[in-house]
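# Chains, contacts and geometry: an overview
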Amino acid sequence: MAGKELSRRRFLKGTTVAGGAAVGTALAAPAVLAQAPITLKMQSSWPASDVFQEMAKQYVDRVQEMSGNRIKIDLLPAGAVVGAFQVQDACHDGTIDAAHTVPVYWYGKNKAASLFGTGPVFGGDANQMIAWLYHGGGYEFYRELTQDILGLNIVGFLSFGMPAQPLGWFKDEITEAGQLQGLKYRTVGLAADLFQAMGASVAQLPGGEIVPAMERGVIDGFEFNNPTSDMRFGAQDVSKNYMLASYHQASESFEYIFNRDKFESLPPDLQAILKYGVEAAHLANYALAMNQYSADLQKLATESGVNVKRTPDSVLQVQLEAWDKILPPLMEDPFFAKVVDSQKAWCERVVYYSLQNAPDYKLAYQHYFPGKI
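Predicted model, so just to flag it, every value in this text is computed and none were measured.

So, on to the sheet that holds strand 6 (residues 184–186). Pairing between the strands of a sheet is mediated by backbone hydrogen bonds and can be parallel or antiparallel. The six strands are arranged 7-6-8-5-9-11 in an open sheet whose pairing can be described as mixed. Two strands bound the open sheet, and with one partner strand each, they are strand 7 (201–203) and strand 11 (307–310). Helix 10 (residues 268–302) rests against strand 5 (168–170), strand 9 (241–244) and strand 11 of the sheet, and its axis sits at about 145° to strand 9.

Laid out in structure tokens, this is it:
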């Protein structure tokens, strides 16, 4: 029995040593090489110097970090592969994998595209219209338009409820709506229909072409989007009158487009990161905008001698009347009509709550900063 016990102990000891050696061997083995990242080629509709390109980069950085660098997005500026207005077609046919743009840039295919950011204003601001996408059926309308009606091979998401866009830059301060009669003016989307109804002659140009057109006299006035973008492309060098506040594009948002085949080929977790990264970028973009837009508006006024004014309410009222004029023929299209009806019902309920609930922020501002406004 003693011999058997001794043999057993030797066996167990030998087994333990061998097992330890095996573990040591496994630990010493080379690590399995990490999978190479999936690279997506994304082109924006913005020049490399525009703040919108920085906002696109905020999205790219968040996606790459949340994915543990399993996704790499090669972000390119407008013109790198296709023109600013051609990114949707390029996503559709796979020339690029993704795009950072705005729906209004493809409104020439279907005017309802402008409803996803640059449509009529029923009282809702941009963030309230982002909420309509999530809880008012907006995303299903967007899918129906892009995939069912237009037959596009894309998947898209929207974010960053932009501050209402200024009326724009003019040779003379706009004090009444009659000054827009015969004015050669740059805008895009349904805003083009709106300003034509107000008597303007409209040219639809990408951002990078605006200042040269103003210099050559092709246009007399223009809007793009915000003080930062406008300042960076030199608006202050061709005009000194900047009119803030307008109903022509009061609720725009960015559009993130993906080639549908490419998107659906990705693992579900990476699809989710691309989708919900848009929501993360929404907050990051807004925070950047609040800081940068306000600082650059001050610079335009104090360093560039720009006459910054708020558009008179009388002009805003004429804009609303112009929306009433252009909507009826557009509502003859059943899809356009059902989207507008949905937005109106949403705004009637949501904006009522907001206006009733919100205190008068202007009153508080004037209390602490008297004489600023």
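Further notes follow.
What follows covers helix 13 (residues 361–368). Because the α-helix completes a turn every 3.6 residues, residues three or four places apart line up on one side. Taken across its eight residues, helix 13 has zero buried, putting it largely on the surface. By the N-cap criterion, in which a side-chain oxygen at the helix start approaches the backbone nitrogen of a residue two or three places on, helix 13 is capped by Asp 360, the distance to Lys 362 being 3.0 Å.

Here we take up the side chain of Asn 225. When you line up the elements, Asn 225 lands in the loop between strand 8 (221–222) and helix 8 (227–232). Taking the relative accessible area as the measure of exposure, Asn 225 reaches 5% and is therefore buried. Within the structure, the side chain of Asn 225 is placed 3.0 Å from the side chain of Asn 226, a separation counted as a polar contact. Once residues lying within four places of it in the same chain are set aside, the contact partners of Asn 225 are Phe 52, Met 162, Gln 165, Pro 166, Asp 230, Glu 252 and Tyr 293.

So, about the layout of surface pockets. Roughly 2,100 Å³ of volume is contained in the largest pocket. If you go around the largest pocket, you meet 44 residues; those closest to its centre are Pro 163, Ala 164, Leu 244, Ala 245 and Arg 310. Elements with a minimum of two residues in the lining of the largest pocket: helix 4 (126–135), helix 10, strand 11, helix 12 (334–357) and helix 13. A total of nine residues in the lining of the largest pocket trace back to one element, the largest contributor, which is helix 10.

What the rule picks out here adds up to two cavities of 30 Å³ or more. By volume, the largest cavity amounts to about 150 Å³. Secondary-structure elements contributing two or more residues to the lining of the largest cavity are helix 4 and helix 12. When residues in the lining of the largest cavity are grouped by element, the largest group, five residues, is from helix 4. Looking at the lining of the largest cavity, its residues break down into twelve nonpolar, six polar and no charged. Roughly 80 Å³ of volume is contained in the second largest cavity. Tyr 105, Val 188, Phe 224, Asn 225 and Glu 252 are the residues nearest the centre of the second largest cavity, which is lined by 13 residues in total. Among the residues forming the lining of the second largest cavity, the class breakdown is seven nonpolar, three polar and three charged.

Here Arg 186 is to be found in strand 6. At a separation of 2.6 Å, a polar atom in the side chain of Arg 186 contacts the main-chain carbonyl oxygen of Leu 205. A polar contact is formed between the side chain of Arg 186 and the backbone oxygen of Glu 223, at a distance of 2.7 Å.

The subject of this paragraph is the sheet that holds strand 2 (residues 71–76). Read from one edge of the open sheet, five strands run 2-1-3-10-4, paired in mixed fashion. Because the sheet does not close on itself, it has two edges, and the strands there are strand 2 and strand 4 (154–159). Strand after strand, the sheet turns through a mean of 20° between neighbouring axes, direction not considered. Relative to strand 10 (residues 254–259), strand 4 runs antiparallel, the two sharing six bridges.

It is characteristic of soluble globular proteins that their nonpolar side chains tend to be buried jointly. Counting residues in each nonpolar core, the largest one holds 100 residues, and the members touching the most others are Phe 52, Met 55, Tyr 59, Ile 73, Phe 254 and Leu 274. A per-element tally of this core places helix 10 first, with nine residues. The contacts of Phe 52, once residues within four sequence positions are left out, are Trp 46, His 100, Met 162, Phe 224, Asn 225, Asn 226, Ser 229, Phe 254 and Tyr 293.

Here is what the cut-offs are and how they apply
Residues numbered from 1 in each chain as written. Predicted model: local features only at pLDDT ≥ 70, side-chain atom pairs only at ≥ 80, totals over all residues. Heavy atoms only, no water. Pairing = 2+ DSSP bridges. Helix = DSSP H or I, 4+ residues; strand = E, 2+ residues; numbered from the N terminus. Contact = heavy atoms within 4.5 Å. Axes fitted to C-alpha atoms, helices over the stretch in contact; angles between N-to-C directions. Buried < 20%, exposed > 50% of the residue type's maximum accessible area, 1.4 Å probe, protein only. Polar contact = N/O pair within 3.5 Å; in protein donor to acceptor, adjacent residues only side chain to side chain. 1 Å grid on protein atoms, 1.4 Å probe; cavity = no way out; pocket = protein on both sides within 12 Å on 5 of 7 lines; lining within 4 Å. Points joined across faces, edges and corners; volume = space filled by probe spheres on them. Nonpolar A, V, L, I, M, F, W, Y, C, P; charged D, E, K, R; others polar. Core = buried A, V, L, I, M, F, W, Y, C linked by side-chain atoms within 4.5 Å.

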